[in-house]
Every structure is written in C-alpha cells, then in structure tokens.
Amino acid sequence: MDLGLVYGIEIKEDRVHIKMTLTAPGCPMGGLIAEDVKRKVEAIKGVKEAEVELVWEPPWTPDRISEDAMRKITE
C-alpha cells in the first residue's frame, strides 16, 4: 500500500477484487507479484477468493509513494 501500487480494493462478501499496478508495464516480476498478493489475501480469515487485476491507467509514478515509505527509502 505504501508504494502506491494498489489503486482499489472491492470486497463483496467473501470475495476480494484488487486493482493494482506495477512500476513499469514490462516488469518481469508482474505475474509473480500478482500471484503473491492473491495468495496472501486469500490467507486472510473470511476471504474465500481473491482476484488481482493489473491495470496501467493511471500510470504509476513515485509521487504515489506514501510519506512514511519515502522516508524509509531515503534514509
């Protein structure tokens, strides 16, 4: 969340839909990151199914990083 990659989360009963992006469309880790997010959300008690949708609009920029995360990065 702190990196600004998650654009939205929709919860309907025991299902979760997450819209997120990556820092670049050609990121070779995209599939692994999306699958990891899905697996971790499905491990939350009460969640039956999670879907991760990779989106590219609006494009990610470093401006989306939270102040806390930015402090940790620049320390």
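Before any of the text, the structure's been laid out above.
Residues numbered from 1 in each chain as written. Predicted model: local features only at pLDDT ≥ 70, side-chain atom pairs only at ≥ 80, totals over all residues. Heavy atoms only, no water.

### Considerations on the pattern of salt bridges
- According to the stated counting rule, one finds seven salt bridges in the structure shown.
- The shortest N-O distance in the salt bridge between Asp 14 and Arg 15 comes to 2.9 Å.
- Residues Arg 71 and Asp 68 are paired through a salt bridge, measuring 2.2 Å at the closest nitrogen-oxygen approach. Taken together, the residues span about one helical turn, with Arg 71 and Asp 68 both in helix α2 (residues 67-74) at a distance of three residues.
- Accessibility expressed as a relative area gives 44% for Asp 68, which makes it partly exposed. (Salt bridge = Lys/Arg side-chain N within 4 Å of Asp/Glu carboxyl O. Helix = DSSP H or I, 4+ residues; strand = E, 2+ residues; numbered from the N terminus. Buried < 20%, exposed > 50% of the residue type's maximum accessible area, 1.4 Å probe, protein only.)

### Overview of a nonpolar patch on the surface
- Among the surface-exposed residues, Met 1, Ile 9 and Ile 11 lie close enough to one another that they form a single nonpolar patch of about 370 Å² accessible area.
- Among the secondary structure elements, Ile 11 is positioned in strand β1 (residues 6-12).
- Relative accessible area serves as the criterion here: at 59%, Ile 11 is assigned to the exposed category. (Patch = residues over 30% accessible without salt bridge, like charges linked within 9 Å, V, L, I, M, F, W, Y side chains within 5 Å. Areas by Shrake-Rupley, 256 points an atom, 1.4 Å probe, with all protein chains shown as cover.)

### So, the environment of Asp 63
- Turning to its location among the elements, Asp 63 is positioned in the loop between β3 (49-54) and α2.
- Judged by its relative accessible area of 73%, Asp 63 falls in the exposed class.
- Sequence separation of Asp 63 and Leu 3 is 60 residues, and the distance between their C-alpha atoms is 9.2 Å.

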